[in-house]
Amino acid sequence: MKVRISKKDVIWSYIGTLMSMGANLLLLPFLMYFLSDEMLGLWYVFASIGAIATLFDMGFSVTFARNITYCWSGARKLKKENVEFIANSEPDFHLMKNVLVTCKIIYGILGGIALVLLLSAGTMYIKYVSRNVNSTVPIISWLIYAVAAFLNLYYGYFASFLRGVGAVERANKNTVYARMAQIILTVVLLFCGTGLIGACAAYLVYGTVFRLLGKYHF
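What comes next concerns the included structure. Given the structure is predicted, the values throughout are model-derived calculations rather than measurements. (Residues numbered from 1 in each chain as written. Predicted model: local features only at pLDDT ≥ 70, side-chain atom pairs only at ≥ 80, totals over all residues. Heavy atoms only, no water.)

1. Quick notes on the packing of aromatic side chains
Item 1. Taken as a whole, this structure holds 10 aromatic pairs when the rule is applied.
Item 2. With a centroid separation of 4.9 Å and an interplanar angle of 85°, the aromatic rings of Tyr33 and Phe34 are classed as edge-to-face.
Item 3. On the basis of an interplanar angle of 40° and a centroid distance of 5.6 Å, the ring pair of Phe46 and Tyr145 is categorised as tilted. With Phe46 in helix 2 (residues 37–53) and Tyr145 in helix 5 (residues 137–154), this residue pair connects regions lying 99 residues apart in the sequence. Across the pair, exposure class does not vary: Phe46 and Tyr145 are buried alike.
Item 4. The rings of Trp43, Phe46, Trp142, Tyr145, Tyr203, Tyr206 and Phe210 are connected pair by pair, giving a single aromatic cluster.
Item 5. Positioned over the ring face of Tyr128 is Arg131, at 4.2 Å from the centre of the ring. (Phe/Tyr/Trp six-rings, centres within 6.5 Å; stacked < 30°, edge-to-face > 60°. Helix = DSSP H or I, 4+ residues; strand = E, 2+ residues; numbered from the N terminus. Buried < 20%, exposed > 50% of the residue type's maximum accessible area, 1.4 Å probe, protein only. Lys NZ or Arg CZ within 6 Å of the ring centre and 35° of its normal.)

2. Concerning the nonpolar core
Item 1. Leu31, Trp142 and Leu196 are the most contacted members of the largest nonpolar core, which has 33 residues in total.
Item 2. Breaking this core down by element, the ones donating at least two residues are helix 1 (7–34), helix 2, helix 4 (93–129), helix 5, helix 7 (168–191) and helix 8 (195–217).
Item 3. Broken down by element, the residue count for this core peaks at eight residues, all from helix 2.
Item 4. Excluding its chain neighbours within four sequence positions, the residues that come into contact with Trp142 are Phe46, Ile49, Leu118, Gly122, Thr123 and Ile126. (Core = buried A, V, L, I, M, F, W, Y, C linked by side-chain atoms within 4.5 Å. Contact = heavy atoms within 4.5 Å.)

3. Re the environment of Val187
Item 1. Positionally, Val187 belongs in helix 7.
Item 2. Spatially, the C-alpha atoms of Val187 and Leu31 are 8.5 Å apart, while their sequence positions differ by 156 residues.
Item 3. In this view, Val187 contacts Leu27 and Phe30; residues no more than four positions away in its chain are not counted.

4. Considerations on the side chain of Ser141
Item 1. Along the chain, Ser141 turns up in helix 5.
Item 2. Within polar-contact distance, the side chain of Ser141 engages the backbone nitrogen of Ile197 at 3.4 Å.
Item 3. Aside from chain neighbours lying at most four places away, what touches Ser141 is Phe46, Leu196, Ile197 and Cys200. (Polar contact = N/O pair within 3.5 Å; in protein donor to acceptor, adjacent residues only side chain to side chain.)

5. Quick notes on a nonpolar patch on the surface
Item 1. Together, Val101, Ile105, Ile109, Ile113 and Leu117 make up a nonpolar patch on the protein surface, roughly 430 Å² of accessible area in all.
Item 2. By the element assignment, Ile113 lies in helix 4.
Item 3. When its relative accessible area of 42% is taken as the criterion, Ile113 is described as partly exposed. (Patch = residues over 30% accessible without salt bridge, like charges linked within 9 Å, V, L, I, M, F, W, Y side chains within 5 Å. Areas by Shrake-Rupley, 256 points an atom, 1.4 Å probe, with all protein chains shown as cover. Salt bridge = Lys/Arg side-chain N within 4 Å of Asp/Glu carboxyl O.)

6. Some points on the packing of helix 4 against helix 6 (residues 157–164)
Axis angle and axis distance: for two packed helices, these are the angle between their axes and the distance between the axes, and together they describe the pair.
Item 1. As a packed pair, helix 4 and helix 6 sit with axes 10 Å apart at the nearest point and diverge in direction by 150°. Relative to helix 6, the element helix 4 is oriented roughly antiparallel. As helix 4 runs across helix 6, the sense of the crossing is right-handed. Every residue of helix 6 that contacts helix 4 at Leu100, Cys103, Lys104 and Tyr107 is listed here: Tyr157, Ser160 and Phe161. (Axes fitted to C-alpha atoms, helices over the stretch in contact; angles between N-to-C directions. Parallel < 35°, antiparallel > 145°, perpendicular 65-115°, else oblique. Left-handed = near helix turned anticlockwise from the far one by under 90°.)

7. Examining the state of the cysteines
Item 1. This model, assessed by the stated rule, comprises zero disulfides.
Item 2. With no disulfide of its own, Cys200 lies closest to Cys192 among cysteine sulfurs, the gap being 16 Å. (Disulfide = S-S within 2.5 Å.)

8. A short note on the packing of helix 5 against helix 8
Item 1. Viewed as axis vectors pointing N to C, helix 5 and helix 8 meet at an angle of 10°, and their least axial separation amounts to 8 Å. Considering their axes alone, helix 5 and helix 8 lie roughly parallel with respect to each other. With respect to the hand of their crossing, helix 5 and helix 8 are arranged in left-handed fashion. Residues Val137, Ile140, Ser141, Ile144, Tyr145, Val147, Ala148, Ala149, Leu151 and Asn152 of helix 5 lie in contact with helix 8, whose contacting residues are Leu196, Ile197, Cys200, Ala201, Tyr203, Leu204, Tyr206, Gly207 and Thr208.
Item 2. Of the residues contributing to the contact of helix 5 with helix 8, the split by class is 15 nonpolar, four polar and no charged. (Nonpolar A, V, L, I, M, F, W, Y, C, P; charged D, E, K, R; others polar.)

9. Describing the environment of Leu119
Item 1. In this structure, Leu119 sits in helix 4.
Item 2. Residue Leu119 is classed as partly exposed on the basis of its relative accessible area of 38%.
Item 3. Taking the C-alpha atoms as reference points, Leu119 and Val62, separated by 57 residues in sequence, lie 28 Å from one another.
Item 4. If we skip the residues at most four places from it in the chain, Leu119 touches Leu143 and Ala146.

By themselves, these figures tell us nothing about what the structure is for.
See the structure below:
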């Protein structure tokens, strides 16, 4: 099967990128209004550590998307160099399944390493920076955020799968819808007085929604 990229795919790619980059900016006024200075500072720390965690991807998403495209386009064997194709053939779903299983294993390992570091070194650091806060809110919030960061990293392979079969528009729509769910839920929870815990819970929902949409459409 041929993979075709349309104008809609390009447009939704821009929208998805802007939504991903602008989500925190859209939430900033609400976070500044509802969170205390200490909790707002912790949110920035969480976001910074979460951004570092995404680096554990190490470019695997692009590599897997490319290999999925090869399988979808009729590849019969993936090599270190070059690919064996059969022109105008149906996808080799057995080969694709092997790539998907490999992808899940690698992302599971990467996500697991990231989670261990977040829960160990990350927790120690959060305890240090929040040592003057007489509350369990920082730690509870951090544990939720760490799990969310793990899920976002681990289930990122669904975006690679969708892009690999040419469903670029759908992959970016999933990002937009998941970010919208996060933004709306964050605002609602902040209004309900949940504070930093609510903001972290909404971030967890983002990863969950993204995963469910990706799995459903793929």
